[in-house]
Every structure is written in structure tokens, then in C-alpha cells.
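In case you want the letters, here they are:
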Amino acid sequence: MQNDNLKSYLNLHLIVFIWGFTAILGALITISADALVWYRMFFAGIFLAIFLAFKKKSFQIPLKSFFKLIFVGLLIALHWILFFKAIHVSNVSITLSVFSLGAFFASLLEPLFYGRKVLWYEVFFGLIIIAGLGLIMKVEINYLDGMLYALASIILGVLFTLMNGKLIADHDPSVISFYEFLAGVGFISIYFVFEQKFTADFFVLTANNWILILILASVCTAYAFTASVKIMQKLTPYTVMLTTNLEPVYGIVLAYFILGGKEKMSFEFYIGALIIVITVILNGVIKHYQKNKIKKKSPALEKQTFTHK
């Protein structure tokens, strides 16, 4: 069990690194946020369908679960649209720094979803993260619109993460992801039909955009999303959500070297980001010492499950 948990933690950090790179791709792809999410979910769904067929896994799920997955798919689509919109109106660094609030929202909402008590240190760490974010907002107020889009995005992200945490107990992660992507594409397509966005120009993209979208849909979505759902079988939702606070670190560092000037932030911004990193480390230390205590109080917690972006 300990080796399985260690493997899950290492896989989680790889996934978080990929998520950080996702933001870079979002900044490099030169189409609107809603079109980007449509392409992302469309191709990710195709990749997962091929994978499920190759593995000869059943696509069949109960009708009740199907409707739940449709709703979660809508949340995921809105979450990603707001995420890429935030990047387009601000930058990668600002958007990812706001995503650190996910841990605080998870600390408040997870107990409602799983019927456990609120843990004082989860809320405490969440408040520290808010303080770090407050420092960032104070010096980067010109990016307020991007921060608001990112805030709405992370709230939706926490909600669908917690809902997936329950769904994973009864269904294969790949099947869950497939239906959620399918639902997301469906909702966005309906919107595009009413807005008359499905024109010939919609499907005309540059070669660079096609390459980046396919990387985004395969590695950063089909693989990373499904793997993150599977990890929820080993780690608690809050642990996953707090670990994803390293996404800003990975993403900001990558953005600094790949995107250059636009991503160079103030000194106070990096102090705020450092506060977030320290918080993640402290959480890991406390969870190490609290692990046995938590197991005794709620053995079922280890079986509960948690995705992101």
C-alpha cells in the first residue's frame, strides 16, 4: 500500500507538470477559448474511444450515472473555457497563481461531499494560500479580469473534481473521461450552432495550431485527465487539489523560459508564489504524521477519490 501511494504521488506530480504545460499551450494556440476547448474535448474523446476499444472495455454505464457524467462534462467545459479565457486576457502566471485557491475551496467543500469533519490545518493552509494570492493581486491589479475568470474556473474545477471523486468508485476512469468529454463537446456544439460559429473558417487552422491542439488533446488531456481520475483511487481529493498548487510553479517557470517578456512578473509576485510552494510542502509533512490518525478515525477515507484541468 505504501509503495502504491508513493507511485501515485509521483504520477500525480508528473500530471501536475503536464497541467502546467497545458497553460503554455493555451497561450500559444491562437484561437478563441471556446473553440480551443471544443477541439480539445473532441480529439481527447476520440483518443479515449480508440483506447477503450483497443482495451476491449465496455462503454456501458447505468442511466443514472450517464446523466451525472453529462452534468460533470458541462462543468469541465466551462472550467476550461474560463481557464483559457483567463490566460488570453492576462497571462499564464496570473491564471495559474489564482488556481492555488483550489485547495481552500476543496477544504470547505470536500467535507460536504464525503461527510467528514473539516480539518483545521486544511483551512489554515488555504488561508495562507489566499494571503499569498492577495500579495499577488495587490501588485498585479491590472490583470484583474484574468484573475476573475481564473477564480470562476477554479471553483468549477473543484466542483467537478469532487463529483468525479464519487463517480470513480463505481466506474472506469477512462469511461468516465470519455463520456464527460463527449458531453462537453455536445454542450459547446449546441452553443456554436445557435451562435452560428460552425463556419468553414472555424475548421481552418494553421499547421502550428493543429500540432499544438493534438498535443493538448492527447498528452495533456486524454492521458493526464484520465490518469488524474485514476489517482483518486489512492489519494484523497484535498491531497490531490493541494498538490496541484505546484501547477503554478511548473507553469510559471515554463512560461518564463518559453513565452518570455509577457510572463516576467514583479518581485512580490514571486514571493506570493513561494508562499504557495511552502504551503504545499508543509501540508505534505503534516499529512505524513497524521496519516495513521486519519486511518483510525475514518478508514474509508483512503478509498475515497478525487481531476483538474
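Rules used throughout
- What you see as residue numbers is a count from 1 along each chain, following the sequence as written.
- Where local features are concerned, this predicted model is filtered to residues with pLDDT of at least 70; where side-chain atom pairs are given and counted, the filter is 80 or more; whole-chain, interface and lining totals use all residues.
- Side-chain measures were taken over the full set of non-hydrogen atoms in the model, leaving aside hydrogen atoms and water.
- A helix here means a DSSP run of H or I that spans at least four residues, while a strand means a run of E at least two residues long, and both kinds are numbered starting from the N terminus.
- Only the protein chains shown count as covering a residue, and every accessible area follows the Shrake-Rupley method with a 1.4 Å probe.
- Think of it this way: a Phe, Tyr or Trp ring, Trp meaning its six-membered ring, pairs with another when their centres are within 6.5 Å, and the plane angle makes it stacked under 30 degrees, edge-to-face over 60, tilted otherwise.
- Each residue is placed in one exposure class: buried if its accessible area under a 1.4 Å probe, protein chains only, is under 20% of its type's maximum, exposed if it is over 50%, and partly exposed if it falls in between.
- Confidence of the prediction at every residue is given by pLDDT, a number between 0 and 100.
- By definition, residues are in contact when any of their heavy atoms lie within 4.5 Å.
- For this analysis, a salt bridge means a side-chain nitrogen from Lys or Arg found within 4 Å of a carboxyl oxygen belonging to Asp or Glu.
- Inter-axis angles, ranging from 0 to 180 degrees, are taken between N-to-C directions of lines fitted to C-alpha atoms, where helices are fitted over the stretch in contact.
- When an angle is under 35 degrees it counts as roughly parallel; over 145 it counts as roughly antiparallel; between 65 and 115 it counts as roughly perpendicular; any other value is oblique.
- Should the near helix be turned counterclockwise from the far one by less than a right angle, the crossing is left-handed, whereas a clockwise turn marks it as right-handed.
- Classification convention: Asp, Glu, Lys, Arg as charged; Ala, Val, Leu, Ile, Met, Phe, Trp, Tyr, Cys, Pro as nonpolar; all other residues, Gly among them, as polar.
- We count Lys and Arg on the positive side and Asp and Glu on the negative side, and we leave His and both chain ends out.
- Polar contact criterion, stated in full: a pair of N or O atoms within 3.5 Å, where within protein one must be able to donate a hydrogen and the other to accept it, and residues adjacent in sequence count only if both atoms are side-chain atoms.
- Candidates for patches are residues over 30% relative accessible area with no salt bridge; among them, like charges are joined within 9 Å and nonpolar side chains (Val, Leu, Ile, Met, Phe, Trp, Tyr) within 5 Å.

Enquirer: Would you mind going over the overall build of the chain in detail, with residue names and values included?
Expert: A tally of helices and strands in the chain yields 12 helices and 0 strands. In sequence order, the chain lays out its α and β elements as α-α-α-α-α-α-α-α-α-α-α-α. Of the roughly 14,100 Å² of accessible surface on the chain, a fraction of 69% belongs to carbon and sulfur atoms.

Enquirer: Could you give an account of the packing of aromatic side chains, naming the residues involved and the relevant values?
Expert: Evaluated as defined, the whole model comprises 26 aromatic pairs. Arranged with centres 5.3 Å apart and planes meeting at 10°, the rings of Tyr 39 and Phe 202 form a pair that is stacked. Of the two residues, Tyr 39 is situated in helix α2 (residues 33-54) and Phe 202 in the loop between α8 (173-195) and α9 (207-231); the sequence distance between them amounts to 163 residues. Here Phe 43 and Trp 210 contribute two aromatic rings whose centre-to-centre distance is 6.1 Å and whose plane-to-plane angle is 80°, an arrangement assigned as edge-to-face. Here Trp 210 lies in helix α9 and Phe 43 lies in helix α2, a separation of 167 residues in the sequence. Look at Phe 43 and you get buried, because its relative accessible area is 16%. When its relative accessible area of 28% is taken as the criterion, Trp 210 is described as partly exposed. Among the aromatic residues, those joined into a cluster by ring pairs are Trp 38, Tyr 39, Phe 42, Phe 43, Tyr 191, Phe 192, Phe 198, Phe 202, Phe 203 and Trp 210.

Enquirer: Mind laying out the confidence of the model for the chain, listing which residues take part and the relevant values?
Expert: Taken as a whole, the chain shows an average pLDDT of 82; of its residues, 86% reach a score of 70 or greater. Per-element averaging of pLDDT across the chain places helix α10 (residues 237-243) at the bottom with 65 and α2 at the top with 94. Note that pLDDT drops below 50 for residues 300-307; the model gives that stretch 37 contacts with residues more than four away or on any other chain.

Enquirer: Give me the pattern of salt bridges: which residues, what numbers.
Expert: Within the structure shown, the criterion is met by 2 salt bridges. The partner of Lys 197 in a salt bridge is Asp 34, and the shortest N-O contact between them spans 2.8 Å. Linking Lys 197 in the loop between α8 and α9 with Asp 34 in helix α2, this pair joins segments that are 163 residues apart in sequence. Take Asp 34: its relative accessible area is 11%, and that puts it in the buried class. Between Asp 172 and Lys 57 there is a salt bridge; the shortest N-O distance is 3.1 Å. One end of the pair, Asp 172, is in the loop between α7 (144-167) and α8; the other, Lys 57, is in the loop between α2 and α3 (63-89), with 115 residues separating them in the sequence.

Enquirer: Any chance you could break down the packing of α2 against α9 for me, citing the residues and the numbers?
Expert: With their axes 8 Å apart at the nearest point, α2 and α9 run at an angle of 60° to one another. Judged by the inter-axis angle, α2 sits oblique to α9. Crossing hand, α2 versus α9: right-handed. Residues Leu 36, Tyr 39, Arg 40, Phe 43, Ala 44, Phe 47 and Leu 48 of α2 form the contact with α9, whose own contacting residues are Trp 210, Ile 213, Leu 214, Leu 216, Ala 217, Ser 218, Cys 220, Thr 221, Ala 222 and Thr 226. Along the lines of polarity and charge, the residues of the contact of α2 with α9 split into 13 nonpolar, 3 polar and 1 charged.

Enquirer: For the side chain of Glu 180, give the residues involved together with the corresponding values.
Expert: Summarising the element assignment, Glu 180 is placed in helix α8. Here Glu 180 is buried and forms no salt bridge, its nearest opposite-charge partner Lys 68 lying at an N-O distance of 11 Å. Side-chain polar atoms of Glu 180 contact the side chain of Asn 164, separated by 3.4 Å. Beyond its immediate stretch of four places on either side in the chain, Glu 180 contacts Met 41, Leu 69, Val 72, Gly 73, Ile 76, Asn 164, Leu 167 and Phe 225.

Enquirer: Could you give me a rundown of the side chain of Thr 95, with the residues and numbers involved?
Expert: Structurally, Thr 95 can be placed in helix α4 (residues 92-98). A residue is classified by how much of its surface remains accessible, and Thr 95, at 0% relative accessible area, is buried. Apart from the residues lying within four places of it in its own chain, the contact partners of Thr 95 are Phe 83, Ala 86, Ile 87, Ser 90 and Ala 150.

Enquirer: Let's hear about a nonpolar patch on the surface: which residues, and what values?
Expert: There is a patch of nonpolar side chains on the surface, built from Leu 14, Ile 211, Ile 215, Val 219 and Tyr 223 and spanning about 420 Å² of accessible area. Per-element accounting of the nonpolar patch gives the leading share, 4 residues, to α9. Here Leu 14 is to be found in helix α1 (residues 2-28).

Enquirer: Residue-level account of the packing of α2 against α8, with values.
Expert: In contact at an axis separation of 8 Å, α2 and α8 are set at 145° when each is read in the N-to-C sense. You can see that α2 and α8 cross each other, and the crossing is left-handed. Contact with α2, carried on its side by Asp 34, Ala 35, Val 37, Trp 38, Met 41, Phe 42, Ala 44, Gly 45, Leu 48, Ala 49, Phe 51 and Leu 52, involves Ser 174, Val 175, Ser 177, Phe 178, Glu 180, Phe 181, Gly 184, Val 185, Ile 188, Ser 189, Tyr 191 and Phe 192 of α8 and no other residues of that element. Looking at side-chain class alone, the contact of α2 with α8 contains 17 nonpolar, 5 polar and 2 charged residues.

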